[in-house]
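Inside the fold
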There are 2 protein chains.
Amino acid sequence: MLNTIPSDVRVVEVGPRDGLQNEKTILDQQLKVDFIHQLVEAGLKDVEATSFVRADKIPQMGDAVHLFDDVKARVDISKNKLICLVPNLKGLENAIQAGVRDIAVFTATSEEFNKKNINATIDESLERISAVCEEAKKHGLGIRGYISTVFGCPYEGKTSLKTMMKLSEKLFDFGAYEVSLGDTIGVANPVQVKDVARELLTNFSLDKFSLHMHDTRGTALANVLSGLDEGFTSFDSSAGGLGGCPYAAGATGNLATEDLIYMLHSMGIKTGVNLDKLSEASTFILSKLGRKSSSKYLLAWQSKRN
Amino acid sequence: MLNTIPSDVRVVEVGPRDGLQNEKTILDQQLKVDFIHQLVEAGLKDVEATSFVRADKIPQMGDAVHLFDDVKARVDISKNKLICLVPNLKGLENAIQAGVRDIAVFTATSEEFNKKNINATIDESLERISAVCEEAKKHGLGIRGYISTVFGCPYEGKTSLKTMMKLSEKLFDFGAYEVSLGDTIGVANPVQVKDVARELLTNFSLDKFSLHMHDTRGTALANVLSGLDEGFTSFDSSAGGLGGCPYAAGATGNLATEDLIYMLHSMGIKTGVNLDKLSEASTFILSKLGRKSSSKYLLAWQSKRN
């Protein structure tokens, strides 16, 4: 193990969208823009900024159009990927009007999860994504694909590697530059990560994928380590560990960017991220939410600073 | 990586001693005995029970003699290792009178840490340990050795692998059946764990060692994974993640036994521990301390049960 580790790893920050979307405290738009700006200033070049969804469905993201206007004024979106989630053509239209350059589309390996999450079968979700991607390509947008429940589903349990392969192929066919594989409920283990990597390698190169691990049971970094060892060089994470587990209230969700970056740096892997600046950004937004960090690194950092 | 993982791993539970010793809430002796009993019932066969130190130094351990009397009445100490920390001959005398069968002795790879922790140089600590072990062997006690600050020291920073090797050799010479290597401040990384393993292998077999990782920065399970891959098959951990980091108030400390066991089981590795019973035990003692779990697995388990 660890005989060949990469010299550089790319970290995709999902805090402002995936992290904040389930937070009950609706933050002022300006706070979210400040947060995104601070994350970019900390060196994160791929940041999920918001989601172009119906405000009545996800109130925290209801200000997407105006928020993105403000973001554009403060962040150079030609040099940084400010990714916005787009569920359908209506969302895409709004995103294009707001000047978005990079979008994300999403599906899942589980029929049941897709039905409950987006009220569509897997095939129906692919039809929607296909239409969105076709239009997005006309406007020259970058497309990131998400596949949820790759490592397990809250409704179906074990999910299929074959479905993961089929969905990955479709997403690349539709024009995605990258596919992010999600451990939506935080049940992955390092052996499973190895198995997923070996399966992907039968048809793809791992540099087309990112691992999106959840830390619900504390195993996210061990899974990242297994992924690194297999050849993944891109990982999603959320500043301060923002974003609880929607399937188990009180439990933690996303892997914290601080924990990820600390481990990578301590192993001699470069990320381009300034860990102190990142910790400042997370501390700022957590204070506005009135929440304690679920990042262990950040807790240690905060306790040393006080 | 992970081409050869062990079928079985031994987990050494340190919660009742290492976990509780820095807790300000002094628990009734009976609660601690109940806790130890529950841990053994959950399948943990190696449990650090208490410390035979001066009550004015560590008030939480001030009841060691009476506590061990009670423990003996409820736990079969011929079938389970109930390990008690012994700092000197006076402590050993008390432990023997109480009927203790297994002791732990401790030193560190850092001169400065030893001076601040036990007011002795490394060589002076070895003299003390030598005297304790000589006497302990006369009484047929099992001896476990601890080496702290193997992966870094709060005062000296980087510590020496050469010192780790020398101390390990001494502890085995004194009669230790096992040496536990501590990441006292939670700064280890997976590459360093590999380097430590490779160094140990130049003179020892890894089955004579246990890894005692701290989760202060969230990296403990990744370090365990690296250790597993190198050939370690014994790990120390603390129920519910009991025990903060004494060098950074507010930060977390010990690796949580629940997180460790969950990862091992999910990888198909057997431990003999019932995770539900363990979670019950931790929930019980955390409620008595009025503390929230620092184990992410336990948080998820508690949220599902509620």
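Okay, so let's go over this structure.

The rules we used
- Residues numbered from 1 in each chain as written.
- Chains lettered and ligands numbered in written order.
- Predicted model: local features only at pLDDT ≥ 70, side-chain atom pairs only at ≥ 80, totals over all residues.
- Heavy atoms only, no water.
- Helix = DSSP H or I, 4+ residues; strand = E, 2+ residues; numbered from the N terminus.
- Rg over C-alpha atoms; globule rule 2.2 N^0.38 Å.
- Buried < 20%, exposed > 50% of the residue type's maximum accessible area, 1.4 Å probe, protein only.
- Areas by Shrake-Rupley, 256 points an atom, 1.4 Å probe, with all protein chains shown as cover.
- Lys, Arg positive; Asp, Glu negative; His and termini not counted.
- Charge placed at Lys NZ, Arg CZ, Asp CG, Glu CD.
- Axes fitted to C-alpha atoms, helices over the stretch in contact; angles between N-to-C directions.
- Parallel < 35°, antiparallel > 145°, perpendicular 65-115°, else oblique.
- Contact = heavy atoms within 4.5 Å.
- Nonpolar A, V, L, I, M, F, W, Y, C, P; charged D, E, K, R; others polar.
- Least-squares fit on C-alpha atoms with pLDDT ≥ 70 in both.

Describing the overall build of chain A
- Counting secondary structure elements, chain A contains 12 helices and eight strands.
- Whereas a compact globule of 306 residues would reach a radius of gyration of roughly 19 Å, chain A reaches 18 Å, a difference of no more than 12%.
- Viewed in the frame of its principal axes, chain A has a C-alpha envelope of about 50 × 45 × 35 Å.
- Within chain A, the fraction of its 306 residues that count as buried is 62%.
- Summing over all exposed atoms, chain A offers an accessible surface of approximately 11300 Å²; the carbon and sulfur share of this is 46%.
- Computed over 35 positive and 39 negative side-chain charges, the inter-centroid distance for chain A is 1 Å.

Some points on the packing of helix α11 (residues 275-289) of chain B against helix α12 (residues 296-305) of chain B
All names here are of chain B.
- Axis separation between α11 and α12 bottoms out at 11 Å; the angle between their running directions is 90°. One finds that α11 runs roughly perpendicular with respect to α12. Counting all contacts with α11, which are made through Leu 275, Asp 276, Ser 279, Glu 280, Ser 282, Thr 283 and Leu 286, the residues of α12 involved are Tyr 297, Leu 298, Trp 301, Gln 302 and Arg 305.
- Looking at the contact of α11 with α12, its residues break down into five nonpolar, four polar and three charged.

Quick look at the relation of the copies chain A and chain B
- Once chain A is rotated about the relating axis by 180° and shifted along it by 0.0 Å, it coincides with chain B to within an RMSD of 0.0 Å. The operation mapping one copy onto its partner corresponds to a two-fold rotation axis.
- Of all interface residues in chain A, 100% are interface residues in chain B too; the two copies therefore contact each other through one and the same surface.

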